[in-house]
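Structural overview
Residue-level listing of the chains:
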Amino acid sequence: MVNKDVPGRTNERGYLRIATEEAFAPASLLDLYLKHARDPGLDDPGFKSLWGFYAASPSPRARFIIEGLKDLGEKRLRDMDATGIAHQVIALTAPGVQVFEPALATRLAIDANDMLADAVKAHPTRYTGMVAIAPQDPANAVKEMERGIRKLGFKAVILNGHTRGEYHDDPKFWSLFEAAEALNVPIYLHPNAPPKQMIQPFLEAGLDGAVYGFGVDTGLHMLRIICAGVFDRFPKLQFIIGHAGEALPYWLYRLDYMHAATLKSNRYPFMKQLSHPISHYLRNNIYITNSGVAWQPAIQFCQSVIGPERVMYAMDYPYQYVPEEVRFCDEMTIPDEHKKMFFQTNAERVFKLNTATL
Ligand code: 1DF
Ligand code: MN
C-alpha cells in the first residue's frame, strides 16, 4: 500500500502505526462506575480500588484518563496525530459492563457498542471497534457479538477479565467461544483487577492495579482457558493478550514442562490431557500486543518465542499516553520487516482492516 504523507497518519519509515488496545467509555458509564465503587454493598475490592480512584481522584493522571476515555472525537484524533498513530482499535475500558447485574449489563453493553459504532462511522479511516458483551447472560452476549460484528462492523470481541469473580474457562461461557470462532473474530482478553478471592495480598502492597495485579490475573485467566481445553474444542479460535503476553512467553518453557509432568503423575484427577503442549496454543491461538511495554527486550522476546507474525503494537491510550514510547518502538533495532509487521500488517490481517482506506 502507498504511504501518503498525511501529518500524523503516515510516516517516512514505510509503515503505518496501528494501535490495538485503546480504550473508551461513555460518560454515563463512568458515572455508574463511581456510584458502584461507592456502594457499601459492593463486594468487589478490585473494582473499588480501580474505579474508586479514577472516577474521583483530582490527580492530573486520573483527570487526563477520564477526559481521554470519554472523547471519541477531536481530542483523541489530536493525540493520535501528535504521536503519529494512524489508526486505533478501540474497546470499552475495563471492566466494561462485567461488574453489573445481568439485565443492566446487557443493556449497557448495547449502549456502549452503539456509541462506539457511531464514532467508527464518523471516522472510518481512524477507528476500528471491538464489541463489548455481558458474559453474565451468555445467550444475550452471543446475540450482541453477532450484532456487533455483522451489523455494527466491529472486528473483535473485548473480554475484560473475570466476570463478577468467575473466569471464562467455565463451560457455561463456552458458547461465547463457539460464536467468536464461527464469526471468525478474535477475542481480546484485557486485564481487570484480580477478583476478591485473590486480591488481598496485592491490595495490601498497592500492587493490585496495572502495576502487577492486572498481569497476574490475566496470565492466569489465559492459562485457565488453555488448560480447560478451549482451543482443542475450538481450534480456529484466536485470542489477543496485551502487556507483552502478560508474562506467559517468559514462563513458557516451565509451563510446558510442569504441565506435562503434573498430568503424567496424575496429581489432579480433573486435569485434562491437552492435544498439544501449552506453547502450541501460544503459537497458534494467541496474539500478543506490547500495550504498556515499550521495551525492545520484551517485544523481541515475544517475537522470538511466538513469532513476529503474532506480535502487534498497542499504546493503551489514554492510560499510557507517552509520546516518547512511540519513538522507542520506532527505534527498535529489529529487522525493518518485523517492525512493519509489528506496527501495521499484523493488525491489518488480524482485524481485517480495510487497508485501502487507512
Ligand atoms: C490501567 C491500565 C487501567 C490499563 C486500565 O483500564 C487499563 C491503569 C481500566 O493504569 O490503571 O486498560 N492497561 O491496560 O494497562
Ligand atoms: Mn488496557
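Residues numbered from 1 in each chain as written. Chains lettered and ligands numbered in written order. Predicted model: local features only at pLDDT ≥ 70, side-chain atom pairs only at ≥ 80, totals over all residues. Heavy atoms only, no water.

1. With respect to the side chain of Q296
Using the following cut-off: Secondary structure elements follow DSSP: runs of H or I of four or more residues count as helices, runs of E of two or more count as strands, with numbering from the N terminus. Under this definition, polar contacts are N or O atom pairs within 3.5 Å; protein pairs additionally need one hydrogen-donor-capable and one acceptor-capable atom, and for neighbouring residues in sequence, both atoms have to be side-chain atoms. We call two residues contacting when some pair of their heavy atoms lies within 4.5 Å.
Mapped onto the elements, Q296 comes out in helix α14 (residues 296-306). For Q296, the side chain forms a polar contact with the side chain of T333, separated by 2.9 Å. Discounting residues that sit within four places of it in the chain, Q296 has contacts with M332, T333 and I334.

2. Quick word on the coordination of the manganese ion (ligand 2)
Stated precisely, the cut-off is as follows: A donor here means any N, O or S atom no more than 2.8 Å from the metal (3.2 Å for Na, K and Ca); water is not included, so a site may seem to lack partners. Residue burial is assigned from relative accessible area. The probe radius is 1.4 Å, only protein chains are included, and a residue is buried under 20% of its type maximum, exposed over 50%, and partly exposed in between.
The protein atoms that coordinate the manganese ion (ligand 2) are E21 (OE), H190 (NE2) and D316 (OD), at distances spanning 1.9 to 2.4 Å. Donor residues for the manganese ion (ligand 2), ordered by position in the chain, follow E-x168-H-x125-D. With E21 in strand β1 (residues 18-24) and H190 in strand β5 (residues 187-190), this pair connects stretches of sequence that are 169 residues apart. Its relative accessible area of 4% is what places E21 among the buried residues. With relative accessibility at 12%, the residue H190 sits in the buried group.

3. As for the environment of I66
The residue I66 is located in helix α3 (residues 60-70) in this model. Classification of I66 as buried rests on a relative accessible area of 6%. Spatially, the C-alpha atom of I66 lies 14 Å from that of D316, the residues being 250 residues apart in sequence. Setting aside chain neighbours within four positions, we find I66 in contact with L30, W51, Y54 and A55.

4. As for the nonpolar core
So the rule is basically this: As used here, the term nonpolar core means buried Ala, Val, Leu, Ile, Met, Phe, Trp, Tyr and Cys residues forming a set that is joined through side-chain atoms within 4.5 Å.
Counting residues in each nonpolar core, the largest one holds 119 residues, and the members touching the most others are W51, F177, M222 and F239. Take this core: its biggest share by element is 8 residues, from helix α5 (residues 102-122). Contacts of M222, omitting those with residues within four sequence positions, involve L189, F231, F239, I241, L248 and I286.

5. Observations concerning the pattern of salt bridges
Let me state the cut-off plainly: By convention in these notes, a salt bridge is any Lys or Arg side-chain nitrogen within 4 Å of a carboxyl oxygen on Asp or Glu.
Going through the model one piece at a time under the given rule, you end up with 11 salt bridges. Of the charged contacts in the structure, one is a salt bridge between R17 and D330, with a shortest N-O distance of 2.7 Å. Here D330 lies in helix α15 (residues 323-330) and R17 lies in the segment before β1, a separation of 313 residues in the sequence. Overall, the relative accessible area of 6% leaves R17 in the buried class. Judged by relative accessible area, D330 falls into the buried class, the value being 5%. Between K196 and D43 there is a salt bridge whose closest N-O contact spans 3.1 Å. Of the two residues, K196 is situated in helix α8 (residues 196-204) and D43 in the loop between α1 (27-38) and α2 (45-54); the sequence distance between them amounts to 153 residues. Classification of K196 as partly exposed rests on a relative accessible area of 47%. You can call D43 exposed: its relative accessible area is 52%.

6. What about the site of ligand 1?
Condition: Each residue is tested against the molecule or strand, and it is near if at least one of its non-hydrogen atoms lies within 4 Å.
Taken together, E21, L50, Y54, R61, T93, A94, H190, A210, F214, H243, D316 and Y319 make up the full set of residues adjacent to ligand 1. Here an oxygen atom of ligand 1 and a side-chain polar atom of R61 are 2.8 Å apart. One of the side-chain N or O atoms of Y319 is found 3.4 Å from an oxygen atom in ligand 1.

7. Considering the environment of I334
Here I334 shows up in the loop between α15 and α16 (336-350). Overall, the relative accessible area of 9% leaves I334 in the buried class. Discounting residues that sit within four places of it in the chain, I334 has contacts with Q296, Q300, Q303 and K339.

8. A word on empty space enclosed by the protein
Summary: where empty space remains is shown by rolling a probe the size of a single water molecule over the atoms. Definition in use: We place a 1 Å grid over just the protein atoms. Points where a 1.4 Å probe fits but has no way out form a cavity, open points with protein on both sides within 12 Å along at least 5 of 7 lines form a pocket, and any residue with an atom within 4 Å of a point lines it. Grid points are joined across faces, edges and corners, and a volume is the space filled by probe spheres set on the points.
Scanning the model with the defined rule gives 3 cavities of 30 Å³ or more in all. One number sums up the size of the largest cavity: a volume of about 70 Å³. Every residue along the wall of the largest cavity is listed here: E21, E22, A23, A91, L92, T93, A94, I158, N160, H190, D316 and Y319. For the lining of the largest cavity, the elements supplying multiple residues, two or more each, are β1, β2 (87-92) and β4 (156-160).

9. Things to note about α3
Worth spelling out the cut-off: Arc definition: directions from the helix axis to the C-beta atoms.
Within the span of α3, buried status applies to A62, I65, I66, G68 and L69. Buried residues in α3, looked at end-on, bunch into an arc of 165°, giving them a common side. Residues of α3 that are buried in the fold lie against β1, α1, α2 and α4 (74-83).

10. Considering the packing of helix α6 (residues 138-151) against helix α7 (residues 174-183)
Between two packed helices, the angle of one axis relative to the other and the distance separating the axes together describe the packing. For clarity, the cut-off: Every axis in this analysis is a line fitted to C-alpha atoms, fitted for helices over the stretch in contact. Angles between the N-to-C directions lie between 0 and 180 degrees. With respect to orientation, any angle under 35 degrees is reported as roughly parallel, any angle over 145 as roughly antiparallel, any angle of 65 to 115 as roughly perpendicular, and every other angle as oblique. What makes a crossing left-handed is the near helix being turned counterclockwise from the far one by less than a right angle; a clockwise turn instead makes it right-handed.
Where α6 meets α7, the closest approach of the two axes is 9 Å, and the angle between their N-to-C directions is 20°. Taken together, the axis directions place α6 and α7 in an arrangement best described as roughly parallel. Two packed elements cross with a definite hand, and for α6 against α7 that hand is right-handed. Residues P138, A141, V142, M145, E146, I149 and R150 of α6 lie in contact with α7, whose contacting residues are S175, L176, A179, A180 and L183.

11. A look at the pairing of strand β3 (residues 127-132)
For clarity, the threshold we go by: A clockwise course of the path from the first strand over the helix to the second, judged with the strands pointing away from the viewer, identifies a crossover as right-handed.
Burial analysis of β3 places 6 of its 6 residues in the buried class, the great majority of the element. Side chains Y127, G129 and V131 of β3 all project onto a buried face; the interleaved residues T128, M130 and A132 project onto the opposite face, where all are buried too. Following the chain from β2 across α5 to the adjacent parallel β3, one finds a crossover that is right-handed. Read as a crossover between parallel neighbours, the route from β3 over α6 to β4 is right-handed.

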